[in-house]
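Tertiary structure, described
Residue strings, one per chain:
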Amino acid sequence: MVQLLDDNKLLELRHSAAHIMAQAVLKLFPGTKLGIGPAIEDGFYYDFLLPDNKSLTQEDLLQIEKEMGKIVKSDQPFTKEVLTFEGALEMFKTQPFKLEIIRSLNNDSQTESLNRDLDLEQEIDDVTDISIYRNADSFFDLCKGPHVKSTSQVKAFKLLKVAGAYWRGNEHNQQMQRIYGTAFFAEKDLAEYLNRLEEAEKRDHRKLGNDLDLFHFPSEIGAGLVLFHPKGARVRLQLENFSRERHLKSGYEPVWTPHVSKQELFETSGHLGFYKDNMFPSMEREGSTYYLKPMSCPFHVLIYKSSLRSYKELPLRLFELATVYRFERSGVLHGLARLRALTQDDSHIFCTKEQLEQEICSIIDFMLEVLQTFGLTEFEADLSTRPDKFLGDVKDWDFVTESLESALKKSNIPYRIAEGEGAFYAPKIDIHLRDAIGRKWQLSTVQVDFQEPQKFDIEYIGKDNARHRPYMIHRALFGSTERFLAILLEHFSGALPTWLCPVQVSVLPVNSNHEDYALKIKAELSSKDISTEIRFADMPLGARIRNAKLEKIPYILVVGDSDIKNRTVGINLRGSKDPIRDIDLDRFFNIVESDIVDKLVEPKIQV
RNA sequence: GCCCGAGUAGCUCAGUCGGCAGAGCAUCGCAUUCGUAAUGCGCAGGUCAGGAGUUCGAUUCUCCUCUCGGGCUCCA
């Protein structure tokens, strides 16, 4: 998983593999128009427009892979040639997409934004120098390089999937065929990567949700809508209880708002202007029009506005676990990670200009502290700055962006600046998480909004006895309860920390003579709010243990004659191979209780 | 929404070049009462996602719809 090779070398290799792939596609499908073909985090891709708009199939990929093998074998050296603008136009006269890139290279003002649109760093980042890389008389590609010395170095590669992708990432443009592949210097690195993909598949929360009987997505209720089963609902109940508790402890005030509202509210907030496509259609009754809420902020603003606020009340932190409804486009739905009805751990913080930076700092501290409870420690942040189209005053933008950046610096989270990727009304920080197998998930978001306070005309009375406009911070920590649960399931591969497990203890009497003892243990545990089940002796012990293990239950107790006599239990601890026998019953109670109270990531027993 | 692919029992999947639909696990019944990852036997379980078309006959071929998967776009 850890990439020992220099990253740049790996990017060179993968970008070279992309060239080889393009060469192979041109050979198999003459007349193909080339788009772009960069190296990416786990491999590379190349976009093609095939003759007659042909789509590629899995079989085509195998053919292309074969052809690539031939190119690799024939050991073609990569050579760089520098061209004039006119020379480049001539050279690529049959490649309209390349011509578009070349023309933009010649036009400084456009280059920067095109570069950003296309993620073209690999292709172009030096406007004065148009170069190509050639590795055969017949094949060359517009490219800044660098490349590996020869095609023969690209030994360990594999084409993975084919997908549609819009030219320049714009859905109004031509849709091309994108082939994804990956390449490594050593076969064993490739094998390890493919292995990791398999591992990821095993951890898929949609599969785990099914296997562990947590939730399902019945088609009759519609896409992007989920039903939580008793076990899944237990998990989210624990998550939500924990979230509420932590918020209240940290100075957030609970609020509660309805799921629908008259359209007037969303007109004032502007949602019906800029978010309507993502809202469920309207409902009419008694001459009024209602909408399901896609966000809670307008409601929270009304709560703020319900009385005249003093600076002494600020920062005012309103918090709600709110289910919101968003009509996401069908193609983006993805298990619990992208739903049409989701529950945000949503907060809106109203504060003064002077408080802003400190408030952002404490939000980030709070977030990290809460997330560390789950054993999550690897975070990365994006600071998204002012986009080309924006509302408000540049001075405001600069001030707020600086506050966000300065808070990030203090928090010690590694971050990058996402230039121009802010929402049009506000800059934001997004926090991403690396999970147990290195995948990136988007989690929390912090946005500073100076539009909505204005739209609703909210104010506070300052020390100076004058009216001022507060800043409003939108903030979600888990993002959504459902998505956070998906992340946890995948991160822990279904083996959730005991405090979140729907069944925390399973008691297995060896035979029916031991049932009373098992029942007594269950009663005792239940009185301590520990979720416990009994698996009676109508199946062989081995089978009961196996099933309980497959359900990833943290504590599987086996009780027999000697246990009754000595008031002990045998424990099969999740994650340990061998059972631990003869643990005193009271000691066991202490062990589970402190596991749950301390929110251990994995159950532990000191023998 | 767009491109590609998929949908067969509760689950995992086989199968039908167009001719009465198959397995394992789970469920249910009977027997088994067991000290650490699968006890045995039996019963039952299906509008082959839904609709339309072609055909003597469609789960199989064609079209439409729904849902899911991988991408693109989007992600206030």
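Note that the structure is predicted; figures quoted are calculated from it, not measured.

Considering the packing of helix 16 (residues 515–527) against helix 19 (residues 585–597)
The N-to-C vectors of helix 16 and helix 19 enclose an angle of 40°; their axes lie 12 Å apart at closest approach. Considering how the two elements wind past one another, helix 16 and helix 19 form a crossing that is right-handed. Here helix 16 contributes Tyr 517, Ile 521, Glu 524 and Leu 525 to the contact with helix 19, which in turn contributes Leu 585, Phe 588 and Phe 589.

Here's the deal with the protein's contact with RNA strand B
The immediate surroundings of RNA strand B are formed by 57 residues, with Gln 175, Phe 274, Met 295, Ser 330 and Tyr 425 found nearest. The protein-proximal atoms of RNA strand B, defined as those within 4 Å of the protein, are 52% sugar or phosphate. The side chain of Lys 428 places a nitrogen or oxygen atom 3.4 Å from a phosphate oxygen of RNA strand B. One of the side-chain N or O atoms of Asp 563 is found 2.7 Å from a base nitrogen in RNA strand B. Of all elements in the fold, only strand 7 (156–166), strand 8 (175–184), helix 7 (205–211), helix 10 (271–274), helix 17 (541–550), helix 18 (561–566) and strand 28 (568–573) reach the threshold of two or more residues within the surface near RNA strand B. The element best represented in the surface near RNA strand B is helix 17, accounting for seven residues. Residues of the surface near RNA strand B, tallied by class, amount to 24 nonpolar, 20 polar and 13 charged.

Looking at the confidence of the model for chain A
Segments scoring low in pLDDT should not have their predicted coordinates read at a detailed level. Averaged over chain A, the pLDDT score is 90; the fraction of residues at 70 or greater is 95%. Low pLDDT (under 50) marks residues 1–5, which in the prediction has seven contacts with non-local residues, meaning those over four places away or in another chain. Under a pLDDT of 50 for its full length, residues 108–127 has, in the predicted model, 38 contacts with residues more than four places off or in other chains. The ipTM assigned to the predicted complex is 0.93, against a pTM of 0.91.

Notes on the sheet that holds strand 17 (residues 341–351)
A sheet is described by the order of its strands in space; here eight strands give the open sequence 11-16-17-24-21-20-18-19, paired in mixed fashion. In this open sheet, the two strands that pair with only one neighbour each are strand 11 (253–254) and strand 19 (415–418). Looking at chain direction, strand 17 and strand 24 (residues 471–476) are connected through six bridges and run antiparallel. Bridging from a neighbouring strand, Ile 349 pairs with Ile 473 of strand 24.

With respect to the packing of aromatic side chains
Within this structure, the stated rule accounts for 25 aromatic pairs. Seen from their ring centres, Phe 374 and Phe 478 are 5.9 Å apart, and the 80° between their planes marks the pair as edge-to-face. Of this pair, Phe 374 sits in the loop between helix 12 (356–372) and strand 18 (379–384) while Phe 478 is found in the loop between strand 24 and helix 15 (481–491), placing the two residues 104 residues apart along the sequence. Taking the relative accessible area as the measure of exposure, Phe 478 reaches 2% and is therefore buried.

Quick look at helix 19
The end-to-end C-alpha distance of helix 19 is 18 Å, a good match for the 18 Å that 13 residues give at a rise of 1.5 Å each. When helix 19 is considered as a whole, its buried residues turn out to be Leu 585, Phe 588, Phe 589, Ile 591, Val 592, Asp 595 and Ile 596. The buried residues of helix 19 occupy one face: seen down the axis, they fall within an arc of 160°. Along its buried surface, helix 19 packs onto strand 25 (505–509), helix 16, strand 27 (555–559), strand 28 and strand 29 (580–584). Residue Asp 584 occupies the N-cap position of helix 19, its side-chain oxygen lying 3.1 Å from the main-chain nitrogen of Asp 586. Positive phi shows up at Lys 599, right after helix 19, with a value of about 50°.

A closer look at the pairing of strand 6 (residues 139–142)
Look at any regular strand and the pattern is simple: side chains alternate between the two faces of the sheet. Burial along strand 6 is two-sided: the face carrying Phe 139 and Asp 141 and the face carrying Phe 140 and Leu 142 are both buried. Bridge analysis of strand 5 (residues 130–136) against strand 6 gives four bridges, and the strand direction is antiparallel. Bridge pairing in strand 6 links Ala 136 to Phe 139.

Describing helix 16
The terminal C-alpha atoms of helix 16, which comprises 13 residues, lie 18 Å apart, in line with the 18 Å expected from a rise of 1.5 Å per residue. Burial in helix 16 covers these residues: Tyr 517, Ala 518, Ile 521 and Leu 525. Buried residues of helix 16 fall within an arc of 100° about the axis and therefore sit on the same side. Exposed positions of helix 16 whose direction lies more than 90 degrees from the buried face are Asp 516, Lys 520 and Ser 527. Tucked into the core, helix 16 has its buried residues touching strand 25, strand 26 (532–534), strand 27, helix 18, strand 28 and helix 19. Phi turns positive, to about 60°, at Asp 529, one or two residues after helix 16.

As for unusual backbone geometry
Of note, the bond from Leu 314 into Pro 315 is cis; its omega dihedral lies within 30 degrees of zero at 0°. With respect to the element layout, Pro 315 can be found in the loop between strand 15 (309–310) and strand 16 (316–325). At Asn 465, a residue that is not glycine, the phi angle is positive and equals roughly 65°. Mapped onto the elements, Asn 465 comes out in the loop between strand 22 (460–461) and strand 23 (467–468). Assessed through its relative accessible area of 65%, Asn 465 is described here as exposed. Despite not being glycine, Lys 599 shows a phi value in the positive range, around 50°. Along the polypeptide, Lys 599 turns up in the segment after helix 19.

Remarks on the pattern of salt bridges
All chains considered together, the criterion is met by 39 salt bridges. Of the charged contacts, one joins Arg 317 and Glu 359 as a salt bridge, the two residues approaching to 2.6 Å between their closest N and O atoms. Remark: Glu 359 occurs in helix 12 and Arg 317 occurs in strand 16; sequence separation between them is 42 residues. Look at Glu 359 and you get buried, because its relative accessible area is 4%. Here Lys 528 and Glu 593 are joined by a salt bridge, their closest N and O atoms 3.9 Å apart. Taken as a pair, Lys 528 in the loop between helix 16 and strand 26 and Glu 593 in helix 19 lie far apart in primary sequence, 65 residues in all. For Glu 593, a relative accessible area of 29% translates into the label partly exposed.

Reading the values: the criteria
- Residues numbered from 1 in each chain as written.
- Chains lettered and ligands numbered in written order.
- Predicted model: local features only at pLDDT ≥ 70, side-chain atom pairs only at ≥ 80, totals over all residues.
- Heavy atoms only, no water.
- Axes fitted to C-alpha atoms, helices over the stretch in contact; angles between N-to-C directions.
- Helix = DSSP H or I, 4+ residues; strand = E, 2+ residues; numbered from the N terminus.
- Left-handed = near helix turned anticlockwise from the far one by under 90°.
- Contact = heavy atoms within 4.5 Å.
- Near = heavy atom within 4 Å.
- Polar contact = N/O pair within 3.5 Å; in protein donor to acceptor, adjacent residues only side chain to side chain.
- Nonpolar A, V, L, I, M, F, W, Y, C, P; charged D, E, K, R; others polar.
- pLDDT = per-residue confidence, 0-100.
- Pairing = 2+ DSSP bridges.
- Phe/Tyr/Trp six-rings, centres within 6.5 Å; stacked < 30°, edge-to-face > 60°.
- Buried < 20%, exposed > 50% of the residue type's maximum accessible area, 1.4 Å probe, protein only.
- Expected span 1.5 Å × (residues − 1).
- Arc of directions from axis to C-beta.
- Salt bridge = Lys/Arg side-chain N within 4 Å of Asp/Glu carboxyl O.

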